[in-house]
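Structural overview
What follows is the residue order along each chain.
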Amino acid sequence: MSFPWANHYEPKHPLMKWVDDRLPLPRLVYNAVGAGYPVPRNLNYFWNFGVLAGLALVIQIVTGIVLAMHYAANAGVAFNSVEHIMRDVNQGWLLRYAHANGASMFFIVVYLHIFRGLYYGSYKAPREMVWLLGLVIFLLMMATAFMGYVLPWGQMSFWGAKVITGLFSAIPLVGPTIQEWLLGGFAPDNAALNRFFSLHYLLPFVIAAVIILHIWALHIPGSSNPTGVEVKGPQDTVPFHPYYTAKDGFGAGVFLVIFALLLFFAPNFLGHPDNYIPANPLSTPAHIVPEWYFWPFYAILRAFTVDIFGIPAKLLGVIAMFGSIILLFFLPWLDNSPVRSGNYRPRFRQFFWILCIDVLILGYCGGSPAEEPYVMISQLAAAYYFAHFLIILPLLAKLETTLPLPNSITEAVLDGQSGSTLSTNTQSAPSAPSH
Amino acid sequence: MVRPLGILAGLGFVAILLFTVIKGAVAYIGEPPAPTVEHEFHLHPRPLELASDGPLGRYDRQQLQRGFQVYKEVCSACHSLHQVSFRDLTQIGFTDPEVKAIANQWAIEVPSVNPDTGEPATRKALPADKFPDPYANETAARAANNNALPPDLSLMAKARHGGPEYIHSLLTGYRDQAGFKNEKGVELLKEFPDAKTPASLHFNPYFANLNIAMPPPLVADGQVTYADGTKATIDQMATDISAFLLWAAEPKLENRHRTGVAVLIFLLIATFLGFLAYRNVWSGVKH
Amino acid sequence: MATGEQAAAPHTDLADDGVRRRDFINVAAVSFAGVGAVATLVPLINQMNPSADVLALASIDVDVSAIKEGQAIKTIYRKQPLFIRHLTAKEIAAADAVPLSELRDPQTLAERTKEGHKQWLITMGVCTHLGCVPLGAGEGETRGEFGGYFCPCHGSSYDTAARIRKGPAPKNLEVPEYAFKSDTVVTVGGGKA
């Protein structure tokens, strides 16, 4: 693990030495996030989002555990218990709004983290495992967030649960049985609510465990960097501490400022008013929508409105929705261009921006009513999404012309370009600087 | 192996979606969806200025007390407020003895049990009690209101888009359907002759489906005689009840704003210090 | 080579790391953040304190006009049993007659009641041994050897002033904070109810 020039852990304090001799945790921390982990020196702010995601998880776990001291997961009292928290529990309003908006912050940060990976080719060899574990974390996050939103037992909680668990009935033959098994009944009710609470409490700790694997897998090859060129020597790196602890500390400050603005001044902006109405199985809301971070996938789900060759549209939508995430697992093999970073792949870069806009469009459609023109726009946007990953990227990898890479990180940094495109150097020339 | 399969799958998805789009486009052109009466005539809430607006907003306690009076005298006969406790009224400026009196004299009593016979009974409310429901259950509520269920108002200001603005617009928004026109000048009953408001409902363009079961609750100026002497026009009463219902939904708004300012100032300073420390650590290191 | 030296610069800088780590701005930033972290703990710990609805029930008003001489009632105060007894003159005399030296937890009846309301004995209904609810307040319940209350769990016997006389309990039945709002209404708990 790591590089041969990495600093070695030398405990100065006798207590630390005593602990380390018996349980090498201090040296583990030192080698993972301390001065013992060399990191490329040219990382930009897009590399902050991993740590911020970890911070968001800690915030969710802490506020969640504390909320669970007051929440009651029984259909008859759940809604009232949340209002009890908001009104009577000391600083309950703060904890509840922190947890609800913290979930949104978690997804904002994770989406930026994922898109960093997409642009800079972080998913490519030898970091495929980091990418795969990351997708597992993303799936667990989505399950956790979905179940968490059901817990207040508002109208959107109930009807969102109804729609999503209803999707399972689309599976041929075994669908309805699976749906009943999931719900413990025929519709979301007390059985579903209680088990969702249990699993919602459990999954974040599973996420934490997968994050440890995710970081471990990363630390084998070490972090990538904006040039996509591997670390060649000690001049390419700086120790994680204090360089990136300082940078991450600053980044955390910016994160918390945005979080505070949301929490204290617009706590219901990202939510839906209907969830302040107690769940009513007899009254469907005018427009059922999930939380904003699910909107792109919801748009893909609803885009399929026509039965094809006897396959019901509902099933097609379900397959496409799950498929849109599953295909990401194959990305390292779909896009096997040897050039990692989008900085050196101009055609790839153009398509990347189109993808970003496409996902934003899908998101907007997902939050809109299932009417025209949103339905047609979703269909076109979904078509592009699948075309991008399944057709365009594989073809690009084969056909594109890439820009010449810098010979090393240091060269890129010293040329003042920090990983942006170089105009004169060719890949095979000796490392003479151009200035 | 992955790539050819991937390309095939991709072509499959794209083909299905393009087929769907074209089919949908053909259907849309051939038979464009008809505009609905709700879409054409529903009005969005009008703006409403309250003291609690903005990141530094605070409640106007006088207004909240007036709004409470409107709730008490106009709304509470049908609408519960069961997430709010009587003791919460101390937050809007009532003293403890006043709150005790309000609870004790509240027209609706709290369910209880006769200590001698065990039969269901009622007792006078205490400050610790939540506002009791005017009806024993949903069935009773519907039976007394022409099968309509008057919703609980504790969270109404957060449970509707537009919040207090929606409430104010709704309460002042009852209109005569005959001759009602939208801003394009289209007359409702001419365009949609089948959309006549049923006899048991009332036309209100601010309500989602335009016809609301609640008859206009504020019908005349001076319906409530304000304790503080403010002139009780319909608009004033509607504004005051909207402010009160916002407080009922968000009693912690002021704490939230105050804490938010303090936290934000702290974080901005901390982030700035963090930035300086970051630059200090990295000074002289090319990156 | 110029490039090589420049490229090696970070490492010579690193040799100064010890000095840099003690830079004031770094210390200031970390301390400020530390203060923030501690401040964050406050709501996390305070949320476990009793919530507003629990505190609202922290004081109750009881109308004692219906309790006849010689009778007692049991009610709930802060989710625990509360005994209110209307002492007879005989019971008061019996309590006053006991020399303090005989008591495990010496207190006079006067100390355990309010001036002018000596006939009202208001105590918690929780045995000070291990927390059972003593008998004696209800109609027909045994009042033990000393005519007050008797705890069936381990045999603690209390007298007419609810003072421990026999058995394992260490202290007299607790007298909560209370005050007579009027001759017929007692506010137990001293709050604003």
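You'll find the structure just up there.
Residues numbered from 1 in each chain as written. Chains lettered and ligands numbered in written order. Predicted model: local features only at pLDDT ≥ 70, side-chain atom pairs only at ≥ 80, totals over all residues. Heavy atoms only, no water.

1. Some details on the overall build of chain A
Within chain A one finds 16 helices and two strands. At 24 Å, chain A has a C-alpha radius of gyration in line with the 22 Å of a compact globule built from 435 residues. Principal-axis analysis of the C-alpha atoms places the extent of chain A at approximately 75 × 60 × 40 Å. For chain A, the residues scored as buried account for 57% of the 435 residues in total. Residue pairs in contact within chain A that sit at least 24 positions apart in sequence constitute 77% of those at least 6 positions apart. Just so you have it, chain A exposes about 18300 Å², and 71% of that area is on carbon and sulfur atoms. Taken together, the 21 basic and 21 acidic charged side chains of chain A have centroids lying 6 Å from each other. (Helix = DSSP H or I, 4+ residues; strand = E, 2+ residues; numbered from the N terminus. Rg over C-alpha atoms; globule rule 2.2 N^0.38 Å. Buried < 20%, exposed > 50% of the residue type's maximum accessible area, 1.4 Å probe, protein only. Contact = heavy atoms within 4.5 Å. Areas by Shrake-Rupley, 256 points an atom, 1.4 Å probe, with all protein chains shown as cover. Lys, Arg positive; Asp, Glu negative; His and termini not counted. Charge placed at Lys NZ, Arg CZ, Asp CG, Glu CD.)

2. A few points about the overall build of chain B
Across its full length, chain B carries 10 helices and four strands. The helix and strand sequence of chain B, counted from the amino end, reads α-α-α-α-β-β-α-α-α-α-β-β-α-α. For 287 residues, the compact-globule formula gives about 19 Å, and the C-alpha radius of gyration of chain B, at 27 Å, lies well above that figure. The principal-axis extents of the C-alpha atoms in chain B amount to approximately 80 × 70 × 50 Å. Residues classed as buried in chain B amount to 43% of the 287 residues present. Expressed as a percentage of contacts within chain B between residues at least 6 apart in sequence, the contacts between residues at least 24 apart total 67%. Carbon together with sulfur atoms contributes 60% to the accessible area of chain B, which is approximately 14700 Å² in total. Distance between charge centres in chain B, computed from 26 positive and 29 negative side chains, equals 9 Å.

3. Points about the interface of chain A and chain B
At the interface, 60 residues of chain A touch 54 residues of chain B. Taken together, the links from chain A to chain B amount to one salt bridge. Note that A:Asp88 is salt-bridged to B:Arg87, the shortest N-O span being 3.1 Å. Taken together, chain A and chain B are joined by 14 residue pairs in polar contact (both at pLDDT 80 or more). Elements supplying a minimum of two residues to the side of chain A that touches chain B: helix H4 (78-87), helix H5 (92-120), helix H10 (240-265), helix H12 (313-329), helix H13 (331-334), helix H15 (374-399) and helix H16 (409-414) of chain A. (Salt bridge = Lys/Arg side-chain N within 4 Å of Asp/Glu carboxyl O. Polar contact = N/O pair within 3.5 Å; in protein donor to acceptor, adjacent residues only side chain to side chain.)

4. Focus: unusual backbone geometry
Of note, the bond from A:Ala125 into A:Pro126 is cis; its omega dihedral lies within 30 degrees of zero at 0°. For A:Pro126, the position within the fold is in the loop between H5 and helix H6 (128-150). Note the cis peptide between A:Glu372 and A:Pro373, where omega equals 0°. In this structure, A:Leu173 takes a positive phi of about 70° despite not being glycine. Structurally, the position occupied by A:Leu173 is in the loop between helix H7 (155-167) and helix H8 (175-183). Backbone geometry places B:Leu210, a non-glycine residue, at a positive phi of 75°.

5. Description of the packing of helix H11 (residues 295-303) of chain A against helix H14 (residues 346-366) of chain A
Residues and elements named next belong to chain A. Packing of H11 against H14 leaves a shortest axis separation of 7 Å and a crossing angle of 75°. On the basis of the axis angle, H11 is roughly perpendicular to H14. Contacts between H11 and H14 involve Trp-295, Pro-296, Tyr-298, Ala-299, Ile-300 and Arg-302 from the former and Val-359, Leu-362, Gly-363, Cys-365 and Gly-366 from the latter. Residues that form the contact of H11 with H14 fall into these classes: eight nonpolar, two polar and one charged. (Axes fitted to C-alpha atoms, helices over the stretch in contact; angles between N-to-C directions. Parallel < 35°, antiparallel > 145°, perpendicular 65-115°, else oblique. Nonpolar A, V, L, I, M, F, W, Y, C, P; charged D, E, K, R; others polar.)

6. Remarks on the environment of B:Leu170
Residues and elements named next belong to chain B. Mapped onto the fold, Leu-170 is located in helix H7 (residues 163-171). For Leu-170, a relative accessible area of 9% translates into the label buried. Along the backbone, Leu-170 and Val-37 are 133 residues apart, and their C-alpha atoms lie at a distance of 18 Å. Setting aside anything within four residues of it in sequence, one finds Leu-170 in contact with Asn-204, Tyr-206, Phe-207 and Ile-212.

7. Concerning H7(A)
Residues and elements named next belong to chain A. Along its 13 residues, H7 runs 18 Å from first to last C-alpha, staying within 8% of the 18 Å computed at 1.5 Å per residue. The element H7 is largely enclosed, with a buried count of 10 among its 13 residues. Looking at H7, one finds that the buried residues are Gln-155, Met-156, Ser-157, Phe-158, Trp-159, Gly-160, Ala-161, Thr-165, Gly-166 and Leu-167. Close packing links the buried residues of H7 with H6, H8, helix H9 (190-219), H11 and H12. (Expected span 1.5 Å × (residues − 1).)

8. Let's talk about a nonpolar patch on the surface
Residue and element names in this part refer to chain A. Together, Leu-23, Leu-25, Leu-28, Val-29 and Val-33 make up an exposed nonpolar region whose accessible area comes to about 440 Å². You can see Leu-28 is positioned in helix H2 (residues 25-33). Judged by relative accessible area, Leu-28 falls into the partly exposed class, the value being 48%. (Patch = residues over 30% accessible without salt bridge, like charges linked within 9 Å, V, L, I, M, F, W, Y side chains within 5 Å.)

9. Here's the deal with the nonpolar core
Ranked by size, the top nonpolar core spans 187 residues in total, and within it A:Tyr385, B:Phe68, B:Tyr71 and B:Leu89 carry the most contacts. Residues contacting B:Phe68, with those up to four places away along its chain left out, are B:Leu89, B:Ile92, B:Phe94, B:Ile102, B:Trp106, B:Phe131 and B:Phe244. (Core = buried A, V, L, I, M, F, W, Y, C linked by side-chain atoms within 4.5 Å.)

10. Topic: the state of the cysteines
All names here are of chain C. Counted by the stated rule, this structure contains one disulfide over all chains. Paired by a disulfide, Cys-132 and Cys-153 hold their sulfur atoms 2.1 Å apart. Judged by the sign of its S-S torsion, about -100°, the bond between Cys-132 and Cys-153 is left-handed. Placement of the pair is Cys-132 in the loop between strand E4 (120-124) and strand E5 (147-150) and Cys-153 in the loop between E5 and strand E6 (157-159), with a sequence separation of 21 residues. (Disulfide = S-S within 2.5 Å.)

11. Thoughts on the pattern of salt bridges
The tally for this structure, following the rule as stated, stands at 29 salt bridges over all chains. Note that B:Lys190 is salt-bridged to B:Glu187, the shortest N-O span being 3.2 Å. Each of A:Lys124, A:Asp335, A:Arg345 and A:Glu400 takes part in one network of salt bridges that share partners.

12. Comments concerning H15(A)
The largest bend in H15(A) comes to about 50°, at A:His388. Across the 26 residues that make up H15(A), a large majority, 20, are buried. (Bend = angle between axes of the 7 residues up to and from the residue.)

13. Things to note about the sheet that holds strand E8 (residues 178-180) of chain C
All names here are of chain C. Strand order across the open sheet formed by three strands is E1-E9-E8, with antiparallel pairing between neighbours. Each having just a single partner strand, strand E1 (60-63) and E8 make up the two edges of the open sheet. Within the sheet, the average angular offset between the axes of one strand and its neighbour, ignoring direction, is 25°. Looking at chain direction, E8 and strand E9 (residues 185-188) are connected through three bridges and run antiparallel. In the strand pairing of E9, Phe-180 is matched with Val-186. (Pairing = 2+ DSSP bridges.)

14. A short note on the pairing of strand E2 (residues 120-123) of chain B
Residues and elements named next belong to chain B. Direction of pairing for strand E1 (residues 110-113) relative to E2: antiparallel, over a ladder of four bridges. Following the sheet pairing, Val-113 is matched in E2 by Pro-120. Between E1 and E2, which pair antiparallel one after the other, the connecting turn spans six residues, and Gly-118 there sits at a positive phi close to 85°.

15. A short note on empty space enclosed by the protein
On inspection of all chains with the given rule, the structure shows four cavities of 30 Å³ or more. Reported here for the largest cavity is a volume of approximately 60 Å³. A:Glu83, A:Met86, A:Arg87, A:Trp93, A:Tyr97, B:Lys158, B:Ala249, B:Glu250, B:Pro251, B:Lys252, B:Leu253 and B:Arg256 together form the lining of the largest cavity. Where the lining of the largest cavity is concerned, the elements lending two or more residues are H4 and H5 of chain A together with helix H10 (253-282) of chain B. In terms of residue count, the dominant contributor to the lining of the largest cavity is H4(A) (three residues). Partitioned by chemical class, the residues of the lining of the largest cavity number six nonpolar, no polar and six charged. (1 Å grid on protein atoms, 1.4 Å probe; cavity = no way out; pocket = protein on both sides within 12 Å on 5 of 7 lines; lining within 4 Å. Points joined across faces, edges and corners; volume = space filled by probe spheres on them.)

These figures come from the coordinates and say nothing about function on their own.
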